[in-house]
Amino acid sequence: MNDAILEAVGLTKRFRSREEGKKRFTAVDGASLRLYPGETLGLLGESGSGKSTLGQMLVGLLRPDEGQILYRGAPLAYPYKGEARRRIQILFQHPEVSFNPQLTLRQSLTEPFRLRGLACDDGALAACIGRFGLYPEHLNRRPGALSGGELQRAALARVLVMEPEIILLDEPTSMLDVITQAQIVDFLRRYQEENGTAYLFITHSTSLAEQFCHRIVRIAEGRLQVEGSV
Ligand SMILES: Nc1ncnc2c1ncn2[C@@H]1O[C@H](COP(=O)(O)OP(=O)(O)OP(=O)(O)O)[C@@H](O)[C@H]1O
Ligand SMILES: [Mg+2]
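Procedures and definitions
- Residues numbered from 1 in each chain as written.
- Chains lettered and ligands numbered in written order.
- Predicted model: local features only at pLDDT ≥ 70, side-chain atom pairs only at ≥ 80, totals over all residues.
- Heavy atoms only, no water.
- Pairing = 2+ DSSP bridges.
- Helix = DSSP H or I, 4+ residues; strand = E, 2+ residues; numbered from the N terminus.
- Contact = heavy atoms within 4.5 Å.
- Axes fitted to C-alpha atoms, helices over the stretch in contact; angles between N-to-C directions.
- Near = heavy atom within 4 Å.
- Areas by Shrake-Rupley, 256 points an atom, 1.4 Å probe, with all protein chains shown as cover.
- Nonpolar A, V, L, I, M, F, W, Y, C, P; charged D, E, K, R; others polar.
- Buried < 20%, exposed > 50% of the residue type's maximum accessible area, 1.4 Å probe, protein only.
- Lys, Arg positive; Asp, Glu negative; His and termini not counted.
- Salt bridge = Lys/Arg side-chain N within 4 Å of Asp/Glu carboxyl O.
- Parallel < 35°, antiparallel > 145°, perpendicular 65-115°, else oblique.
- Left-handed = near helix turned anticlockwise from the far one by under 90°.
- Phe/Tyr/Trp six-rings, centres within 6.5 Å; stacked < 30°, edge-to-face > 60°.

(A) Region of the structure containing the sheet that holds strand 2 (residues 24–35). Across the sheet, four strands lie side by side as 2-1-4-5; this open sheet has antiparallel pairing. The open sheet terminates on both sides in strands that have one partner only, identified here as strand 2 and strand 5 (74–75). Two elements, strand 1 (residues 6–16) and strand 4 (residues 66–71), share five bridges in a ladder whose sense is antiparallel. Note that in strand 4 the partner of Ala8 across the bridge is Ile69. Here helix 1 (residues 51–58) sits on the sheet in contact with strand 1, strand 2 and strand 4, set at roughly 125° to strand 1.

(B) Structural context of the site of ligand 1. Residues in close proximity to ligand 1 total 13 residues, the closest being Ser47, Gly48, Lys51, Ser52 and Thr53. Contact with the protein chains removes 64% of the 640 Å² of surface that ligand 1 exposes when unbound. Elements with a minimum of two residues in the shell around ligand 1: strand 2 and helix 1. Among the elements that take part in the shell around ligand 1, helix 1 stands out by supplying three residues, more than any other. Residue composition of the shell around ligand 1, grouped by class: three nonpolar, six polar and four charged.

(C) The arrangement of the environment of Leu168 in detail. For Leu168, the position within the fold is in strand 7 (residues 166–170). Look at Leu168 and you get buried, because its relative accessible area is 1%. With sequence-adjacent residues up to four places away left out, Leu168 is seen in contact with Gly55, Gln56, Val59, Gln89, Ile90, Leu91, Leu200 and Ile202.

(D) Geometry of the sheet that holds strand 8 (residues 198–203). In spatial order, the strands read 6-7-8-3-9-10; together these six strands make up an open sheet with mixed pairing. In the strand order of this sheet, the two ends are held by strand 6 (88–91) and strand 10 (223–225), each with one partner. Going across the sheet, the axis of each strand differs from the next one's by a mean of 25°, ignoring polarity. As judged from the five bridges shared by strand 3 (residues 40–44) and strand 8, these two strands associate in the parallel manner. If you follow Thr40 over to strand 8, its bridge partner there is Tyr199. Against the sheet, helix 5 (residues 148–161) makes contact with strand 6 and strand 7, and its axis sits at roughly 180° relative to strand 6, the strand it touches most.

(E) Spatial organisation of the side chain of Glu150. For Glu150, the location among the structural elements is in helix 5. For the buried Glu150, no salt bridge exists, and the shortest N-O distance to an oppositely charged side chain is 4.3 Å, to Arg141. Each residue touching Glu150, except ones within four places of it in the same chain, is listed here: Leu134, His138 and Arg141.

(F) Summary view of helix 1. The buried fraction of helix 1 amounts to six of the eight residues, a majority that puts the element mostly inside the structure. Of the positions making up helix 1, those classed as buried are Lys51, Thr53, Leu54, Gly55, Met57 and Leu58. Gly60 sits one or two residues past helix 1 and shows a positive phi near 85°.

(G) Structural context of the packing of helix 3 (residues 105–115) against helix 5. Where helix 3 contacts helix 5, the two axes come as close as 8 Å, and the packing angle between them is 20°. In terms of orientation, helix 3 lies roughly parallel with respect to helix 5. Our pair here, helix 3 against helix 5, has a crossing hand that is right-handed. Taking contact as the criterion, the partners of Leu105, Ser108, Leu109, Pro112 and Phe113 in helix 3 are, on helix 5, Ala154, Arg158 and Val161. Among the residues making up the contact of helix 3 with helix 5, the classes are represented as six nonpolar, one polar and one charged.

(H) View of the packing of aromatic side chains. Going through the model one piece at a time under the given rule, you end up with five aromatic pairs. With centroids separated by 6.0 Å and ring planes inclined at 20°, the aromatic side chains of Phe187 and Tyr191 adopt a geometry described as stacked. Separated by four residues within a single helix, Phe187 and Tyr191 lie in helix 6 (residues 178–195), roughly one turn from each other. For the pair Phe187 and Tyr191, a shared accessibility class is recorded, and that class is buried. With centroids separated by 4.7 Å and ring planes inclined at 70°, the aromatic side chains of Phe201 and Phe212 adopt a geometry described as edge-to-face. A residue pair is termed long-range when its members are at least 10 positions apart, and Phe201 in strand 8 and Phe212 in helix 7 (residues 206–212) qualify at 11 residues. Look at Phe212 and you get buried, because its relative accessible area is 3%. Among the aromatic side chains, those forming a connected cluster through ring pairs are Phe132, Phe187 and Tyr191.

Shown next, in the form of structure tokens:
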């Protein structure tokens, strides 16, 4: 029986080659993996090995050239819609890409509250960011007036409004100081224990992967280095 929440079968992505004369190169080559509820699967590899490309195909940000993605056993079509779109979320390495620079934090947080049909008065918004150590006063600021750590915590707060079942964590702490990194990792762990959320954790740090992940799969030059079944 297949109880994976997300499954990739033979995912392949080719890009236009950087080298003259070669038309296309394969960034991800036939990647298959399974992600189970409540687990953290680490995707570990060097820079340029295809981690983000694979992650972005899995969460529906990038269309695969080949292969299939199953959510709760049913095939997903790109771009994702409905339940899958809400329940599969992403936290980026650079939190500023998650936010419109023109909007205050209050305005940026309003959208997911509306999408979910939740009341978003100041009390609700303050509670949403408060558990990440942010204050009501931060709601009036634009991304440029928040530190990287504050912005990443706000990005996580916003992602969680959607009550995701799966979160792609694409090096979400690599730009942060060690204390903020530890706070975010700690929070994610507790949140997973309480909610059974599945994480796909992308990193190039073996030690962080070993601390945080239940299972680790390595990727090199677009190919998963699989021992047994992933
Ligand atoms: N949109 C694109 N167009 C062309 N090439 C791309 C595109 N996106 C990624 N690539 C290339 O695909 C390869 C894999 O990139 P990817 O971003 O997946 O690597 P990564 O493992 O996430 O690296 P890093 O650890 O540096 O984030 C790289 O050679 C990259 O230059
Ligand atoms: Mg990357």
